[in-house]
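Descriptive structure summary
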Amino acid sequence: MKKALVISGGGSKGAFAGGVVEFLMKEQKREYDLFVGTSTGSLMVSHLAVGMVDELKMLYTNVKQRSIFSNNPFKIKKVHGVKVISIRHRNTFWNLLNGRKTFGESKNLRKLIRANVTPKMFEIIKDQNKEVVVTVSNLTANQIEYKSILDCTYDDFCDWIWGSCNYVPFMSLLEKNGCQYADGGFGCLVPIREAIKRGAKEVDAIILETEVNQINRMPSKNPFSLMLDVFGFMLEHVEKHNVTIGKLSAKYQDVKLNLYYTPTVLTTNSLVFDKEQMRGWWKQGYEYAKMKELSLMNDFRPDLVDKEDSLDQQLQ
């Protein structure tokens, strides 16, 4: 039976997904034939296909803004203990002055991908007959595309991973094959249906949002924060649509679907990469998956009927 792991987009919240996967793969010994990712999920799936969970943890718990941005359009400051994002006018002006199409540049992320997704890993994945798929949004053709490692050269695959992660207009725009590509999450944030179309009969899907809306956003203070809020609003509804379609596909094709949501709102600014915070999220993801598994094992015990509520309280 073909098993798939699906990881949604979510920027820095990918650290939570890493903790969930660490439990599933190292403690539960789950093995997968197919790995499908969007955005931050695309960054993770190559490591997971070769079982490099510890290496992925090292990467995700040590990343910072400079690891991602070669020209960072964000200025982050604390106001009453809360991180507030505003525009870094000088950096943005410099990009526009040089004829670039985005406010910021993520060329450092491209270097990070090539340094960590090595040609050797690429060949091992192909030799083991694992399939790794990343999601990109083709802005030119106005369609979602899924790029499989089985159809790519090493250089092309690194480009697609990078393109899948580029949250334009704040990050770089991938221009390839006469088309412009951006973050796969703009079209498909949670590619459950694609995993099923590729033959999966059991899918573990990690969704880097809460299952029920738990947030009222603070009023925007400037055009930049307003743009982020608008994008966040749209992506949240894309996510809900993707999950609904995924559930229907699983039901009608008799696929076992296991969903892992974040139990609490991790952040409203997933383009802020704080390594201390991300270390906490990794640990939280591991503990959440562990407690969820225990609750599933004890579903029929009357003394554990409120297990999910106690789980959320413990993680908070």
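Up top is the structure.
Chains are numbered independently. Their residues run from 1 in the order of the written sequence. At least 70 in pLDDT is required for a residue's local features to be given in this predicted model, at least 80 for side-chain atom pairs to be given and counted, and no such filter applies to totals for whole chains, interfaces and linings, which use all residues. Just so you know, side-chain values use all the structure's heavy atoms and leave hydrogens and water out.

1. Some words on the overall build of the protein
The numbering of helices and of strands both runs from the N terminus, where a helix is a DSSP run of H or I of at least 4 residues and a strand a run of E of at least 2. What the protein contains, in helices and strands, is 12 helices and 10 strands. All radius of gyration figures rest on C-alpha atoms, and the globule criterion is 2.2 Å times the number of residues raised to 0.38. Taking 2.2 N^0.38 as the reference for a compact globule, 316 residues should give roughly 20 Å; the C-alpha atoms of the protein span a radius of gyration of 19 Å, in line with that estimate. With the principal axes as the frame, the protein shows a C-alpha extent of 65 × 50 × 35 Å. Buried residues are those whose accessible area, probed at 1.4 Å on protein chains only, stays under 20% of the maximum for their type, while exposed residues exceed 50% and partly exposed ones sit between those limits. Within the protein, the fraction of its 316 residues that count as buried is 53%. What makes two residues a contact is simply this: any of their non-hydrogen atoms within 4.5 Å. Intrachain contacts of the protein at a sequence separation of at least 6 include 75% that bridge at least 24 residues. A 1.4 Å probe and the Shrake-Rupley method give the accessible areas. Residues count as covered only by the protein chains that appear here. Surface accessibility of the protein: about 15400 Å² in total, with carbon and sulfur atoms responsible for 52%. Taken as two groups, the 43 positive and 36 negative side-chain charges of the protein have centres that lie 7 Å from each other. When charges are counted, Lys and Arg are positive and Asp and Glu negative, with His and the chain ends excluded. Charge coordinates come from a single atom per side chain, which is NZ of Lys, CZ of Arg, CG of Asp or CD of Glu.

2. Some remarks on a nonpolar patch on the surface
Exposure above 30% relative accessible area and the absence of a salt bridge qualify a residue for a patch, where like charges join within 9 Å and nonpolar side chains (Val, Leu, Ile, Met, Phe, Trp, Tyr) within 5 Å. Put simply, a salt bridge is a Lys or Arg side-chain nitrogen that is within 4 Å of an Asp or Glu carboxyl oxygen. A contiguous nonpolar surface patch, about 380 Å² in accessible area, is contributed by Leu 226, Val 230, Phe 233 and Met 234. In this fold, Phe 233 is placed in helix H10 (residues 223-252).

3. Side note on the environment of Glu 209
Looking at where Glu 209 falls in the secondary structure, it is placed in the loop between strand S9 (202-207) and H10. Relative accessible area serves as the criterion here: at 26%, Glu 209 is assigned to the partly exposed category. Residues Glu 209 and Lys 13 lie 196 residues apart in sequence; the distance between their C-alpha atoms is 8.9 Å. Apart from residues no more than four positions distant in its own chain, Glu 209 is found in contact with Lys 13, Glu 239, Tyr 261 and Thr 262.

4. Quick look at the pattern of salt bridges
Inspection of every chain in the model, using the stated rule, returns 14 salt bridges. Of the charged contacts, one joins Asp 156 and Lys 176 as a salt bridge, the two residues approaching to 2.8 Å between their closest N and O atoms. Residue Asp 156 is found in helix H8 (residues 154-165), and its partner Lys 176 is found in strand S7 (residues 174-176); the two are separated by 20 residues along the sequence. A relative accessible area of 12% places Lys 176 in the buried class. Shared partners join several salt bridges into a network, and the residues in it are Arg 110, Asp 156, Asp 159 and Lys 176.

5. Considering H8
Given 3.6 residues to a turn, an α-helix orients residues that are three or four positions apart in the same direction. Multiplying 1.5 Å by the helix residue count minus one yields the expected span of that helix. Taking 1.5 Å per residue, 12 residues should reach 16 Å; H8 reaches 17 Å between its end C-alpha atoms and fits that length. Burial within H8 is extensive, with 10 of its 12 residues counted as buried. Taken together, the buried positions of H8 are occupied by Tyr 154, Phe 157, Cys 158, Asp 159, Trp 160, Ile 161, Trp 162, Gly 163, Ser 164 and Cys 165.

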